[in-house]
Amino acid sequence: REIDDQHQRLFDIVAKIQQALLGDPEATLTKATEAVTELLDYTRYHFSHEEALMAAAAYPGLAEHQRLHQSRLAQVNDMELRVGLGDDSAALDLSVFLSHWLINHIQAVDKKVGAYLQSHC
């Protein structure tokens, strides 16, 4: 349940990014930058927590899952730089990327982890 709650929080932050894109163009950069920073901070926390649970349960796919997490963080870092530099398409690209990534990652990868944790904890 805790991981599900964290996933919901990630979706809430993505919604913040999307809302920032709909606002006043002058405020969009500031709001989007703040939301992306919040997303990075929370994503790092979430990944760390999730990986600790997998390690404690001796999840066999931990190393691969960690590689996926590192790849996603690198992509979000890149988007943060683009947003910070005022790249007009970066915030929208980030929003689309995150929505697809979160949905696909949760449904394809994290559900397997959840099933394993439930059966081994």
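You'll find the structure just up there.
A short tour of the structure in this document, coming up. (Residues numbered from 1 in each chain as written. Predicted model: local features only at pLDDT ≥ 70, side-chain atom pairs only at ≥ 80, totals over all residues. Heavy atoms only, no water.)

**A few points about the side chain of His7**
Following the sequence through the fold, His7 ends up in helix 1 (residues 2-22). Given a relative accessible area of 6%, His7 falls into the buried group. If sequence neighbours within four positions are ignored, His7 has contacts with His46, Glu50, Ile106 and Asp110. (Helix = DSSP H or I, 4+ residues; strand = E, 2+ residues; numbered from the N terminus. Buried < 20%, exposed > 50% of the residue type's maximum accessible area, 1.4 Å probe, protein only. Contact = heavy atoms within 4.5 Å.)

**Here we look at the packing of aromatic side chains**
This structure, assessed with the given rule, holds 2 aromatic pairs. Ring geometry for Tyr42 and Tyr45: centres 5.5 Å apart, planes at 50°, overall tilted. Of this pair, Tyr42 and Tyr45 both sit in helix 2 (residues 25-56), 3 residues apart, which is roughly one turn of that helix. Overall, the relative accessible area of 43% leaves Tyr45 in the partly exposed class. Aromatic pair Tyr59 and Tyr116: ring centres 5.1 Å apart, planes at 75°, arrangement edge-to-face. One end of the pair, Tyr59, is in the loop between helix 2 and helix 3 (62-84); the other, Tyr116, is in helix 4 (residues 90-120), with 57 residues separating them in the sequence. In this structure, Arg9 is placed above the aromatic ring of Tyr42, and the distance from its NZ or CZ to the ring centre is 5.9 Å. (Phe/Tyr/Trp six-rings, centres within 6.5 Å; stacked < 30°, edge-to-face > 60°. Lys NZ or Arg CZ within 6 Å of the ring centre and 35° of its normal.)

**Considerations on the environment of Ala57**
Here Ala57 lies in the loop between helix 2 and helix 3. On the basis of relative accessibility, which here comes to 9%, the residue Ala57 falls in the buried class. Spatially, the C-alpha atom of Ala57 lies 23 Å from that of Gln8, the residues being 49 residues apart in sequence. Ignoring sequence-local partners within four residues, the contact set of Ala57 consists of Tyr116, Leu117 and Cys121.

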